[in-house]
Amino acid sequence: MTFETLSTPVARLSRPTIGSVTLSLLVALYLLFATNGTFWSKATSYLGFASPALILLGVGLAALFSALCIAVSVKYLTKPLFIFLITSSAAASWFMDHYGSIIDVDMIRNAAETTGAEAGDLITAGFFVHMMVFAGLPSLIVALVRIHHRPFGSKVLWNLALVFSCLAIFAAAAIANVRTFAATTRQHRDLVATLNPVTPIASAVRYLKASGVEENATVQPLGTDARVMPLAGQSKPRVTIVVAGETARAESFSLGGYFRPTNPELSRRDIRYFGETSSCGTATAVSLPCMFSVYTRSNYTHEKGQTTENLMDVLSHAGIKTEWWDNNTGSKGIADRIAYISLAERNDPQFCKGHECTDDVLLAGLDAWLDGIKGDSVLVLHQLGSHGPAYYQRYPEAFRRFQPDCRTAELGNCTREEIANAYDNSVLYTDHVLATVIDKLKSRDRRLAGSMVYMSDHGESLGEHGLYLHGAPYFIAPSQQTHVPFVLWLGKDAKASIAQSCLIAKTGEPQSHDNLFHTVLGLMHVATSVYDPKLDTLAACRGNPST
């Protein structure tokens, strides 16, 4: 008996073939209409539903996107490029459509400088589902199809003809209603800023270009002439604790009139609250270095902030002991030349989980630090504060006073009331942290001349105007993102040289991040050529007896 091997050819799955131009047109239309929900919502609102201007805008942009996709449909690069465009557009659309975010340079920088734990709060189950549907499926289709390319010479001529034709259609559509488009984009600058993936990709390129320049830049010295001025009758070490807040908005502070009692402990302390304070930016990567820089918001740029020494350096030049304790995503370069501790990296199990810690971690070592002070000192405590969207993780159970609170980072699964409750609980906890810092300083009045300054880096949107979180470009940012709390506590020694009636009057005047640099120098009695008394919140009230 013999055995014969039988073989049957296995039928291969047929892969559809599609022309490179056809695929380019399909991808262009997909990008424009499937991943631009925010853009078309704004366009409809500004131009009117089914208006001639809106229709022309759609035709013109479809032609422009088609021209761009056809131009990059190069053999061997078509699939990787299209998959990249689809994936990046899908990711950007999630944040724009769900949070009202605009992916500008500052947003890219903020994302690049975040931690894994913070990023994890944003990568939710909803995000994964969105990416599977809007990125995974279309990318899989692009990956599976066979792309037919014309012979090289013919392809170049044919594609050039199509690209120029599409550009001509785009130009004709723009010219046909140029006055309306010009007026709309001038009045509503956020429209172009939400065009996906054009704005996100352009922002990423600008960020990478700027990063390359800054990486090789030299930090210029500042305030090297700084010195501490002696004060008659004052022998105690001066100590100022600067609490750099995170994502706290003034609108949610009861010290400023909010209807909920979110500041019960501070309201019982002898503090001054400046109710009209504005931030330098709407994201940590901008606001934090700007707060500590010598530049005002109108003069500040990220490059200037990175290439010029800051407040902590000037204090160090004056011989003052300076330290930075961080429970956030780092000092953004501010503490590069001083003592720096990342408490989140230590991951103390008493306060931390997965390298995210409640702000109690900032208080744990404060007694020992204060007891060890021998000379003038400034300590910065950089909070995690009210950073979202996982507000519920920012406060211990004991501060879960406003309920029901949103217990997920997926804000779409919570009501506006639940989101506000969770956020307000985080503010309530910040109130406790600040009151504790004050109490620790006050208990050492006999030995130390203490002060505390608290400013938040930026605010937060909780659904107002359809926006959530923060990071909106400043020119369109709502007050919820730019109006921040500013709290000042003066110990008895610092208070003795300040006219209290003058200080009370000052609390009603506009303040900003511009004031932090000079106010801290004033508190520490530092004389330097870079000090500007006009920007020192306390300068006009100094030199008079307490009243």
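**Regarding the packing of aromatic side chains**
A ring pair, where both rings are aromatic, is described by two values, the distance of the centres and the angle of the planes.
Right, so step 1: Evaluated as defined, the whole model comprises 14 aromatic pairs.
Right, so step 2: Ring centres of Phe39 and Trp40 lie 5.0 Å apart, and the angle between their planes is 80 degrees; this geometry places the pair in the edge-to-face category. The exposure classification of Phe39 matches that of Trp40, with both residues buried.
Right, so step 3: Aromatic side chains Trp94 and Phe127 sit 6.1 Å apart centroid to centroid with 75 degrees between the ring planes, which places their arrangement in the edge-to-face category. Of this pair, Trp94 sits in helix H4 (residues 78–99) while Phe127 sits in helix H7 (residues 125–144), and the two are 33 residues apart along the sequence. Each member of the pair, Trp94 as well as Phe127, carries the same accessibility label: buried.
Right, so step 4: In textbook terms, an aromatic cluster arises when at least three aromatic residues are bridged by ring pairs, as seen for Trp94, Phe95, Tyr99, Phe127 and Phe128.
Right, so step 5: Above the face of the Trp158 ring, Arg150 is positioned so that its terminal group lies 4.6 Å from the ring centre.

**Concerning the sheet that holds strand E5 (residues 271–273)**
Right, so step 1: Ordered in space as E5-E16-E12-E4-E11-E7-E8, the seven strands form an open sheet in which the pairing is mixed. Among the strands making up the open sheet, the edge pair consists of E5 and strand E8 (339–342). Pairwise comparison of adjacent strand axes, ignoring direction, gives a mean angle of 15 degrees for this sheet.
Right, so step 2: Two strands pair when backbone bridges link them, and strand E7 (residues 321–326) and strand E11 (residues 377–382) are joined in this way by six bridges, in the parallel orientation. Considered in E11, the bridge of Lys321 is made with Ser377.

**Quick notes on the nonpolar core**
Right, so step 1: Core analysis: the largest hydrophobic core is formed by 60 residues, its most contacted members being Ile241, Leu366, Leu370 and Met452.
Right, so step 2: Ranked by residues supplied to this core, first place goes to helix H18 (residues 416–442) with 12 residues.
Right, so step 3: In terms of nonpolar packing, the next biggest core, distinct from the first, is built from 38 residues, Trp324, Ala335, Ala494 and Leu521 among them.

**Considering the pairing of strand E4 (residues 238–245)**
Right, so step 1: The buried fraction of E4 is high, at eight of eight residues.
Right, so step 2: Side chains Arg238, Thr240, Val242 and Ala244 of E4 all project onto a buried face; the interleaved residues Val239, Ile241, Val243 and Gly245 project onto the opposite face, where all are buried too.
Right, so step 3: Where E4 and strand E12 (residues 449–456) come together, eight bridges link them in parallel fashion. Across the sheet, the residue bridging to Val243 is Tyr454, located in E12.

**So, H4**
Residue pairs three or four apart in sequence face the same way in an α-helix, which turns once every 3.6 residues.
Right, so step 1: An ideal rise of 1.5 Å per residue puts 32 Å on 22 residues; H4 measures up with 31 Å between its terminal C-alpha atoms.
Right, so step 2: Along H4, the residues that are buried comprise Thr78, Phe82, Leu85, Ile86, Ser89, Ala90, Ala92, Ser93, Trp94, Phe95, Met96 and Tyr99.
Right, so step 3: One or two positions beyond H4, positive phi appears at Gly100, with a value near 75 degrees.

**A short note on the packing of helix H3 (residues 52–71) against helix H8 (residues 152–176)**
Right, so step 1: Put simply, H3 and H8 touch, their axes get as near as 8 Å, and they point 155 degrees apart. With respect to each other, H3 and H8 are oriented roughly antiparallel. Here H3 and H8 pass one another in a crossing that is left-handed. Here Leu56, Val59, Gly60, Leu61, Ala63, Leu64, Ser66, Ala67, Ile70 and Ala71 of H3 lie close against H8, whose contacting residues are Asn159, Leu162, Val163, Cys166, Leu167, Ile169, Phe170, Ala173 and Ala176.
Right, so step 2: When grouped by side-chain class, the residues that make up the contact of H3 with H8 number 16 nonpolar, three polar and no charged.

**As for helix H1 (residues 20–34)**
Right, so step 1: Compared with the 21 Å implied by 1.5 Å per residue over 15 residues, the 20 Å span of H1 between its first and last C-alpha is a close match.
Right, so step 2: Those residues of H1 lying buried are Ser20, Val21, Leu23, Ser24, Val27, Ala28, Leu31 and Leu32. Relative to the axis of H1, the buried residues are bounded by an arc of 160 degrees and lie together on one face.

**Looking at the pairing of E11**
Right, so step 1: Where burial is concerned, most of E11 is hidden: six out of the six residues are buried.
Right, so step 2: Burial along E11 is two-sided: the face carrying Ser377, Leu379 and Leu381 and the face carrying Val378, Val380 and His382 are both buried.

**Things to note about the pattern of salt bridges**
Two side chains of opposite charge can pair, provided their charged atoms sit close to one another.
Right, so step 1: In this structure the tally under the stated criterion is 22 salt bridges.
Right, so step 2: In this structure, Glu323 engages Lys321 in a salt bridge whose closest nitrogen and oxygen atoms are separated by 3.5 Å.
Right, so step 3: On the basis of relative accessibility, which here comes to 37%, the residue Lys321 falls in the partly exposed class.
Right, so step 4: The closest approach of N and O atoms between Arg400 and Asp405, which form a salt bridge, is 2.9 Å.
Right, so step 5: Accessibility expressed as a relative area gives 22% for Arg400, which makes it partly exposed.
Right, so step 6: On the basis of relative accessible area, Asp405 is assigned to the buried category, the value being 5%.
Right, so step 7: Several salt bridges converge on common partners, so that one network encompasses Asp367, Asp371, Lys440 and Arg444.

Conventions and cut-offs
Here, residues in each chain are numbered from 1, in the same order as that chain's written sequence. The model is predicted, so local features are restricted to residues of pLDDT at least 70 and side-chain atom pairs to those at 80 or more, both for listing and for counting; the totals for chains, interfaces and linings are taken over all residues. Derived side-chain values reflect all non-hydrogen atoms in the structure, with water molecules and hydrogen atoms excluded from consideration. The aromatic pairing rule takes the rings of Phe, Tyr and Trp, using the six-membered ring of Trp, and pairs them if the centres are within 6.5 Å, calling planes under 30 degrees apart stacked, those over 60 edge-to-face and the rest tilted. Throughout, exposure labels follow a simple rule: accessible area from a 1.4 Å probe, protein chains only, divided by the maximum for the residue type, with under 20% read as buried, over 50% as exposed, and the rest as partly exposed. A helix here means a DSSP run of H or I that spans at least four residues, while a strand means a run of E at least two residues long, and both kinds are numbered starting from the N terminus. Two limits define a charge over a ring: the Lys NZ or Arg CZ must be within 6 Å of the ring centre, and within 35 degrees of the ring normal. Paired strands, as defined in this entry, are two strands with at least two bridges between them according to DSSP. Here the axes come from fitting lines to C-alpha atoms, over the contacting stretch only for helices, and the angles between their N-to-C directions go from 0 to 180 degrees. Remark: nonpolar core denotes a set of buried residues (Ala, Val, Leu, Ile, Met, Phe, Trp, Tyr, Cys) joined through side-chain atoms within 4.5 Å. Multiply 1.5 Å by the residue count of a helix minus one, and that product is the helix's expected span. To sort the angles, those under 35 degrees are grouped as roughly parallel, those over 145 as roughly antiparallel, those from 65 to 115 as roughly perpendicular, and the leftovers as oblique. Rotating anticlockwise by less than a right angle from the far helix to the near helix defines a left-handed crossing, while the corresponding clockwise rotation defines a right-handed one. Contacts are residue-level and defined by heavy atoms, with any inter-residue pair within 4.5 Å sufficient. Here the term charged refers only to Asp, Glu, Lys and Arg, the term nonpolar to Ala, Val, Leu, Ile, Met, Phe, Trp, Tyr, Cys and Pro, and the term polar to all other amino acids, Gly among them. As used here, the arc is the angular range of directions from the helix axis to the C-beta atoms. For this document, the term salt bridge refers to a Lys or Arg side-chain nitrogen within 4 Å of an Asp or Glu carboxyl oxygen.

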